[in-house]
Amino acid sequence: NDVLFAVLTLMGSTDTSWTAMKRFLGGRGVKDEIINFDARNVTPRSRAAVQKLMEEKAASFEHKNILRASVAAAPLAAWAKANLKYSTVLEKIAPLEEDLRELSESLDTSRTRMAQCKQDLVDLDRQVVDLKNEFGRRTGEAEALKLSLKKAEDQLEAAERLLGKLGGEKTRWEEQVTTLETELTSLTRDSLLAAGFIAHLPSLPEDQRQGALAQWTSFLGVERFDLRRFMSTESEMLTWKAEGLPGDELSMENAIVILNSAQAPLIIDPSTQASQWLKAHVAKDESTSLEVVTMHDKRFANKLELAVRFGKTLIIEEVDKIEPILYNVVRKDFERQGLRLMVQVGDKTVDYNESFRMYLMTRNPYPVIPPSAASIISEVNFTVTRSGLEGQLLGLVIQHEQPELEKQKSHLLQVEEDLKVQLAGLEKTLLETLATSTGNILENTQLITSLDETKAKGTTVKESLEESTTLQLSLDEQRNAYRPIAAQGSKLYFLTRDLRALNHMYQFSLNSFILLFKTALNESTPSAALERRIEMLSVALLRLVFGQVSRSIFNQDRLTFGMHFTRHLAAEDADETQWNYYFGLEAGDGPGTRGSAPSWVPENATSAYANLVSTFPSHASDLRLSDIGTWGAWIDSPVAETCVPAADAGAFTRLLLVQALRPDRLQSAMDSFVRTQLGVESIAPPALSLPRVCDEADATT
């Protein structure tokens, strides 16, 4: 009863009678009402009544007691106690809940505001995105306009540059077209001259070549023809020179003939310089197999056969004549068997490889070439000429005295050639770009860049060419300052070579002479004064050559050799009439009678006296030959060659007097004349010293 009273009171029922209690318990939804009862509905009055009841009748609400009385009432008692406590708690936290409610409402308001703000932010973001898109579009349009403006400005600048550069190129191209038209007009004639030179002139010496070319060019109406410029480049000639070829004009022309002749060249090379160059030149080509053989080799036929079969380059040395085994190969007497070319080599028919090349070489300056062979070979003569040797010796002097001059000139020529090649390449690229250009030509940066490079390179080449021309003139002027010693050396060599007419044994090679020349360069005392230096070189060279030759010839020929040198090198220049008289080639018409000669002239010399006076009439009066007091003592002197009473007369005139009037003293007079004029101590060589000979000699001499 107490439990139900508490339950009903808490649930707000004012009727707590037993009838009300039974009606409550008999209600259908009593259970749900109890379960779903909200403790917030408990009034303070109800709570106080129940609290008082529980305090007064606490035993009625103890679990063990109520459980004994009624199992169903025990949960209700627990429910009542729980709701009582809960309502008390709710009363205490009611202010807090109110605060919570207010705060919740504020939170809801804030959340609503925040949602509104978020929506506004989304709208603003959308507007920002739209504005950004609009800004980007406007910026893109502005950038496109800027790019279009920049492109227009670039095209305008490119057009101005293109017009300017092409305008400059036009002038140069017009000049080149004019030059090419001129060269094209003369190409046929120049080709004819080159073919004629290669076919007919290589066997001739330099002066005859120039004479023949002068006739041909005059006949064809060609102002000037240079085989070296027409058939080669400066770069090629510099390469040949570096390979050992002499730098003179004759050697360069011969190199062109050797490398371009359709016939097998027979190279006449007494100095072997061309032979060494050709071997070095062929050896540099890695695709070519070089074979060097002599005509006297026991396996010559076998080597020739293998070279023909496998396409080697064959250099045959010591070819003094064209052997029969070579005729078929030189004539190119081919037989065709299907696709194969065959040629007869000796008693064998072998395959002919078109890569085969053959060069015939001889040191004999006068090889025997029969008419049957002359038409099938190309004779190339490297026999040195006076001007060619002068050029070689000048190169040696420059290399020794001022090596930087030669290096500088070679460098200038090489740079000039390289610049010309680069310019030609740029022009070719430019023309190809112009020809293949598509679209807007002003947008072709490669073309504009190529034009810039071509213009810059053209300017550089022009400046370099002008500088090169100026420097070459300066270098040539400095080189020509040493030409006297080179001319002296060339003259000495050819004077020495003339001695073979005296005795066939007197053969002096160019190589040995060049060694003497180099020795003179090394041994002569240096001098800062150029003229003094050249004079000292000349003296040293003459001393070495004279001593070497004098030691190499027979004693009986030394005086003749000395007079030969003196005639061409003497400080005093006697005219041709005096030398002809000396050699007995000219004589006067004097009667040679006793009455026509002074009394001091011996009977056996009257004829010679008459010839001398009639040949040189001025001598009788100038020398006062009628003065017996002066000449009488001289004619009887045992050393008449040393005391000729004609101090004012030249040395050669005094020699002629001794020859005519005191022939017994002629040999001593000639000896004295040679020593005086050449500045040597004696026409005889120094005493032979084997150690000195060993020091002066090497493997080649």
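As a convention, each chain's residues are numbered from 1 in the sequence order in which they are written. The predicted origin of the model limits local features to residues at a pLDDT of at least 70 and limits the giving and counting of side-chain atom pairs to 80 or more, whereas totals for whole chains, interfaces and linings rest on all residues. With hydrogens and water set aside, each side-chain value is computed from the structure's full complement of heavy atoms.

**Q** I'd like a rundown of the overall build of the protein, residues and numbers included.
**A** Note on conventions: DSSP H or I runs of at least 4 residues are helices, E runs of at least 2 residues are strands, and numbering of each starts at the N terminus. A tally of helices and strands in the protein yields 28 helices and eight strands. We compute the radius of gyration over the C-alpha atoms and compare it with the globule rule, which gives 2.2 Å times the number of residues raised to the power 0.38. On C-alpha atoms alone, the protein measures out to a radius of gyration of 62 Å, which is more than a quarter above the 27 Å that the 2.2 N^0.38 rule sets for 701 residues. Its C-alpha atoms give the protein principal-axis dimensions of about 215 × 75 × 65 Å. Note on definitions: a residue-residue contact is assigned when non-hydrogen atoms from the two residues lie within 4.5 Å. Taking the intrachain contacts of the protein between residues at least 6 apart in sequence as the baseline, contacts between residues at least 24 apart amount to 69%. Carbon and sulfur atoms provide 54% of the accessible area of the protein, an area that totals close to 39900 Å². Here the Shrake-Rupley method, with its probe set to 1.4 Å, supplies the accessible areas, and only the displayed protein chains count as covering residues.

**Q** Describe the pairing of strand β8 (residues 377-381), listing the residues and the values that go with them.
**A** Burial classes: relative accessible area under 20% of the type maximum marks a residue as buried, over 50% as exposed, and values in between as partly exposed (1.4 Å probe, protein chains only). Of all five residues that make up β8, four are buried, and the element is covered over most of its length. Judged from the five bridges that link them, strand β1 (residues 264-268) and β8 form a sheet pairing that is parallel. Note on β8: the bridge partner recorded for Ile268 is Asn381. Whether two strands pair comes down to DSSP finding at least two bridges between them.

**Q** Got a sec to walk through the pairing of strand β6 (residues 348-351)? Specific residues and values, please.
**A** Note that strand β5 (residues 340-345) and β6 share four bridges and pair antiparallel. Bridge pairing in β6 places Gln344 opposite Thr349. The turn joining β5 and β6, which pair antiparallel and follow one another in sequence, is formed by two residues; a positive phi near 65 degrees is taken by Gly346.

**Q** Report on the packing of aromatic side chains, specifying residues and quantitative values.
**A** The pairing test for Phe, Tyr and Trp rings, Trp by its six-membered ring, is centres within 6.5 Å, and the orientation test on the planes gives stacked under 30 degrees, edge-to-face over 60, and tilted for anything in between. Enumeration over the complete set of coordinates arrives at 20 aromatic pairs. An angle of 40 degrees between the planes, with centres 4.4 Å apart, marks the rings of Phe334 and Tyr352 as tilted. On the criterion of sequence distance, the pair formed by Phe334 in strand β4 (residues 334-337) and Tyr352 in the loop between β6 and β7 (357-362) is long-range, its members being 18 residues apart. The exposure class of Phe334 is partly exposed, given its relative accessible area of 31%. Measuring from ring centre to ring centre gives 5.2 Å for Tyr582 and Phe583, while their planes differ by 70 degrees; the resulting arrangement is edge-to-face. The exposure class assigned to Tyr582 is buried, which follows from its relative accessible area of 10%. Overall, Phe583 belongs to the partly exposed group, its relative accessible area being 44%.

**Q** Lay out empty space enclosed by the protein in plain terms, naming residues and giving numbers.
**A** Rolled over the atoms, a probe as big as a water molecule pinpoints where empty space is left. Only protein atoms enter the calculation, which uses a 1 Å grid: trapped sets of points that fit a 1.4 Å probe without letting it out are cavities, open sets showing protein on both sides within 12 Å along at least five of seven lines are pockets, and any residue with an atom within 4 Å of a point is a lining residue. Grid points are joined across faces, edges and corners, and a volume is the space filled by probe spheres set on the points. This structure, assessed with the given rule, holds one cavity of 30 Å³ or more. Reported here for the largest cavity is a volume of approximately 80 Å³. Pro246, Ser251, Gln273, Phe382 and Gln392 are the residues nearest the centre of the largest cavity, which is lined by 14 residues in total. When residues of the lining of the largest cavity are traced back to their parent elements, those giving at least two are α10 (249-260), α11 (273-283) and α15 (386-401).

**Q** Can you break down helix α23 (residues 606-615) residue by residue, with the values?
**A** Considered for burial, the residues of α23 that qualify are Thr606, Tyr609, Ala610, Asn611, Leu612 and Thr615. Of the surrounding secondary structure, the elements contacted by the buried residues of α23 are α22 (576-582), α24 (617-622) and α26 (651-661).

**Q** Which residues make up the side chain of Ser490, and what values do they have?
**A** Mapping Ser490 onto the fold places it in helix α18 (residues 483-497). We classify Ser490 as buried; its relative accessible area is 0%.

**Q** Explain the environment of Thr653 to me, and be specific about the residues and the numbers.
**A** In this fold, Thr653 is placed in helix α26. By relative accessible area, Thr653 is classed as buried at 9%. Separated by 34 residues in the primary sequence, Thr653 and His619 place their C-alpha atoms 8.9 Å from one another. Setting aside anything within four residues of it in sequence, one finds Thr653 in contact with Gln578, His619 and Leu623.

**Q** Break down the side chain of Gln392 for me, with residues and values.
**A** Examined against the element boundaries, Gln392 turns out to sit in helix α15. A relative accessible area of 14% places Gln392 in the buried class. Reaching out from Gln392, the side chain makes a polar contact with the side chain of Asp248 at a distance of 3.4 Å. We define a polar contact as two N or O atoms separated by no more than 3.5 Å, with the added condition that, inside protein, one atom must be a possible hydrogen donor and the other a possible acceptor, whereas residues neighbouring each other in sequence contribute only through side-chain atom pairs.

**Q** Account for the sheet that holds β4, naming residues and giving values.
**A** Strand order in the open sheet made by the three strands is β4-β5-β6, with antiparallel pairing throughout. Where the open sheet ends on each side, the last strands, each with one partner, are β4 and β6. Geometrically, the sheet is characterised by an average inter-axis angle of 40 degrees between neighbouring strands, direction not taken into account. The angle between two axes is taken between their N-to-C directions and runs from 0 to 180 degrees, where each axis is a line fitted to C-alpha atoms and a helix contributes only its stretch in contact. This element, helix α12 (residues 300-310), spans β5 and β6 of the sheet and lies at about 30 degrees to β6.

**Q** Give a detailed account of the environment of Phe554, specifying residues and quantitative values.
**A** Tracing the backbone through its elements, the reader meets Phe554 in the loop between α20 (530-552) and α21 (558-569). On a C-alpha basis, the gap between Phe554 and Tyr506 in space is 9.5 Å, while along the polypeptide they are 48 residues apart. Setting aside chain neighbours within four positions, we find Phe554 in contact with Asn503, Met505 and Tyr506.

**Q** Outline the packing of helix α9 (residues 234-242) against helix α16 (residues 403-436), supporting the account with residue identities and numerical values.
**A** Close contact between α9 and α16 brings their axes to 9 Å; oriented N to C, the two are set at 145 degrees. Between α9 and α16 lies a crossing whose hand is left-handed. Counting all contacts with α9, which are made through Glu234, Ser235, Leu238 and Lys241, the residues of α16 involved are Glu406, Ser410, Leu413, Gln414 and Glu417. For any helix crossing, the convention is left-handed if the near helix is rotated counterclockwise from the far helix by under a right angle, and right-handed if that rotation is clockwise.

**Q** Explain the pattern of salt bridges residue by residue, including any values.
**A** One speaks of a salt bridge when a side-chain nitrogen belonging to Lys or Arg is within 4 Å of a carboxyl oxygen belonging to Asp or Glu. Enumeration over the complete set of coordinates arrives at 28 salt bridges. With a closest N to O distance of 3.1 Å, Arg363 and Glu318 form a salt bridge. Taken together, the positions of Arg363 in the loop between β7 and α14 (371-374) and Glu318 in the loop between β3 (313-317) and α13 (324-331) put the pair 45 residues apart, joining distant regions of the chain. Exposure remark for Arg363: the relative accessible area of 47% places this residue in the partly exposed category. Through salt bridges with shared partners, a single ionic network connects Glu305, Arg309, Arg340, Lys348 and Asp351.

**Q** Describe the nonpolar core, and please don't skip the residues or the numbers.
**A** The definition of a nonpolar core used throughout is a set of buried Ala, Val, Leu, Ile, Met, Phe, Trp, Tyr and Cys residues joined through side-chain atoms within 4.5 Å. Within the largest apolar cluster, 78 residues are counted, with the highest numbers of intra-cluster contacts made by Phe565, Trp631, Trp634, Leu655 and Leu661. Among the elements that line this core, the one with the most residues is α20, at nine residues. When residues no more than four places from it in sequence are discounted, the contact partners of Leu661 are Trp600, Val601, Ala605, Tyr609, Trp634 and Ile635. Grouped together as the second largest cluster of nonpolar side chains are 28 residues, Trp240, Ile267, Ala274 and Phe382 included.

**Q** Go over the packing of α15 against α18, please, and point to the residues and values.
**A** When two helices pack together, their arrangement is given by the angle between the helix axes and the distance between those axes. In contact at an axis separation of 8 Å, α15 and α18 are set at 130 degrees when each is read in the N-to-C sense. As summarised for this structure, α15 and α18 are arranged oblique, according to the angle between their axes. Classified by chirality, the crossing of α18 by α15 is right-handed. Judged by residue contacts, Arg386, Leu389, Glu390, Leu393, Leu394 and Val397 of α15 engage Arg483, Ile485, Ala486, Ala487, Gly489, Ser490, Lys491, Tyr493 and Phe494 from α18. Here is the rule for angles: anything less than 35 degrees is roughly parallel, anything more than 145 is roughly antiparallel, 65 through 115 is roughly perpendicular, and the remaining ranges are oblique.

Without other data, these values stay purely geometric and don't point to any function.
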